[in-house]
Amino acid sequence: MSDDAYLTLADRARARFTVQGSEFIGHAAPAESVDAAEAFIEEIEAEYADATHNVPAYRVRADPFREYSSDDGEPSGSAGKPMLSVLQGRELENAVVVVTRYYGGTNLGVGGLVRAYSQATKDALNAAEVIEERPHEQFIATVEYDDSGTLRGILESEAVEFDADYGERVAFDVRVPVAETAAIRDRLRSATSGRVDIDAGDRQPNV
């Protein structure tokens, strides 16, 4: 699993077209985990339960990296694999696509299916905003009230995401790019002369 930036989708998108009577609907979405990708597939399958096929493909930054596709009843290699190839070609990760097909009465042949499922995938991805994302880690830094202003000032100056919980002590829930985590932690410890309590951290490589 790399700590480098990667391309993914900002939000869901949908696109449709018709080929020789068959309607193809491409659905694309970001997916931060295999479970999220599978949930999206199940959602589309439920929404389009009357469709002839709901063909899925996804690429997820799990450990190990996970790629998946299925033809969902279409001839072997004619649907899921071409869709996955589009995701690979665009170097998209943490992304899932489902192409819904309503059969129109005319067989398209393997070549026609490959073109149709590939095009539906491309159209759905084109409709979605592609963004660059970096793996993040999340940790909690807890201090007494006297040090809370110092920590808040550092986190704000570093422009990292955080939430503060003011209880008996102040707990900062911090989300920071993996590449910057060690430096941020060291700075917090230095600024408080080691009075900050920092948990072990929870890497979220797929975020």
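Anything mentioned here points back to the structure above.
To keep things clear, this report deals only with the structure shown in the data block.

Cut-offs and rules
- One numbering rule holds for all chains: residues counted from 1, following each sequence as written.
- Residues qualify for local features only when their pLDDT is at least 70, as the model is predicted, and side-chain atom pairs are given and counted only at 80 or more; totals for whole chains, interfaces and linings, by contrast, use all residues.
- In computing side-chain properties, one takes all heavy atoms of the structure into account and sets aside hydrogens as well as water.
- By definition, two strands form a pair when at least two bridges between them are found by DSSP.
- Numbering goes from the N terminus for both helices and strands, where a helix is a DSSP run of H or I of at least four residues and a strand is a run of E of at least two.
- Geometry is summarised by axes, namely lines fitted to C-alpha atoms with helices restricted to the contacting stretch, and by angles between N-to-C directions that run from 0 to 180 degrees.
- We call two residues contacting when some pair of their heavy atoms lies within 4.5 Å.
- The rule is simple: take the accessible area with a 1.4 Å probe, protein chains only, and divide by the maximum for that residue type; under 20% is buried, over 50% is exposed, in between is partly exposed.
- Two aromatic rings, drawn from Phe, Tyr or Trp (for Trp, its six-membered ring), form a pair once their centres lie within 6.5 Å of each other, and the interplanar angle then sorts them: stacked below 30 degrees, edge-to-face above 60, tilted otherwise.
- Placement of a charge over a ring requires the Lys NZ or Arg CZ to be within 6 Å of the ring centre, with the centre-to-atom vector within 35 degrees of the ring normal.
- Think of a salt bridge as a Lys or Arg side-chain nitrogen and an Asp or Glu carboxyl oxygen that are within 4 Å of each other.
- Within this scheme, the nonpolar core is defined by two criteria: the residues are buried Ala, Val, Leu, Ile, Met, Phe, Trp, Tyr or Cys, and they are joined through side-chain atoms within 4.5 Å.

## Some words on the sheet that holds strand β4 (residues 53-60)
Part 1: Taken together, the five strands give an open sheet; going across it, the order is β2-β3-β6-β4-β5, and neighbouring strands pair in antiparallel fashion. Both edges of this open sheet fall to β2 (13-19) and β5 (66-69), since each of them pairs with a single strand only. Put simply, the sheet's adjacent strands are angled 15° from each other on average, direction ignored.
Part 2: As paired elements, β2 and strand β3 (residues 22-30) share seven bridges and run antiparallel to each other. Considered in β3, the bridge of Val 19 is made with Ser 22.
Part 3: Packing against the sheet, helix α1 (residues 34-47) makes contact with β2, β3, β4, β5 and β6 (95-102), and its axis sits at approximately 165° to β4.
Part 4: Of the strands in this sheet, β2, β3, β4 and β6 are in contact with helix α3 (residues 109-127), which crosses β2 at around 150°.

## Let's talk about the pairing of strand β10 (residues 170-177)
Part 1: Counting buried positions over the eight residues of β10 gives six, a clear majority of the element.
Part 2: Strand direction decides the pairing type here: strand β8 (residues 136-143) and β10, joined by eight bridges, are antiparallel. By the bridge assignment, Thr 142 is partnered in β10 with Ala 171.

## Considering the packing of aromatic side chains
Part 1: Throughout the structure, instances matching the rule amount to five aromatic pairs.
Part 2: With 5.2 Å between their ring centres and 90° between their planes, Phe 24 and Tyr 117 make a pair best called edge-to-face. Residue Phe 24 is found in strand β3, and its partner Tyr 117 is found in helix α3; the two are separated by 93 residues along the sequence. Each member of the pair, Phe 24 as well as Tyr 117, carries the same accessibility label: buried.
Part 3: Put simply, the rings of Phe 17, Phe 24 and Tyr 117 pair up and form one aromatic cluster.
Part 4: One cation-aromatic arrangement involves Arg 185 over Phe 139; the distance from NZ or CZ to the ring centre is 4.8 Å.

## Let's talk about the pattern of salt bridges
Part 1: Scanning the entire structure with this criterion turns up 14 salt bridges.
Part 2: With its nearest N and O atoms 3.1 Å apart, the salt bridge here joins Glu 144 to Arg 169. Highlighted residues: Glu 144 in the loop between β8 and α4 (145-157) and Arg 169 in the loop between β9 (161-166) and β10, separated in sequence by 25 residues.
Part 3: Relative accessible area serves as the criterion here: at 43%, Glu 144 is assigned to the partly exposed category.
Part 4: Across the salt bridge formed by Arg 189 and Asp 186, the nearest N and O atoms sit 3.7 Å from each other. Highlighted residues: Arg 189 and Asp 186, both in helix α5 (residues 178-191), separated by three residues, approximately one helical turn.
Part 5: Classification of Arg 189 by relative accessible area gives partly exposed; the value is 36%.
Part 6: In this structure, a network of salt bridges that share partners links the residues Glu 144, Arg 169 and Asp 197.

## Here's the deal with the nonpolar core
Nonpolar side chains tend to gather and get buried jointly when the protein is soluble and globular.
Part 1: Core analysis: the biggest nonpolar cluster contains 24 residues, and Phe 24, Leu 87, Tyr 117 and Leu 125 have the highest contact counts within it.
Part 2: For this core, the secondary-structure elements that each account for two or more residues are β2, β3, β4, α2 (80-89), β6 and α3.
Part 3: Of the residues forming this core, the biggest block, six residues, is contributed by α3.
Part 4: Non-local contacts of Leu 125, meaning those with residues more than four positions away in its chain, are made with Leu 9, Ala 28, Val 86, Leu 87, Arg 90, Leu 92 and Val 97.
Part 5: Grouped together as the second largest cluster of nonpolar side chains are 15 residues, Phe 139, Phe 172, Leu 188 and Val 196 included.

## With respect to α2
Part 1: Within the span of α2, buried status applies to Gly 80, Pro 82, Met 83, Leu 84, Val 86 and Leu 87.
Part 2: Packing partners of the buried residues in α2 comprise β4, β5, β6 and α3.
Part 3: Looking at the residues trailing α2, positive phi occurs at Glu 91, about 55°.

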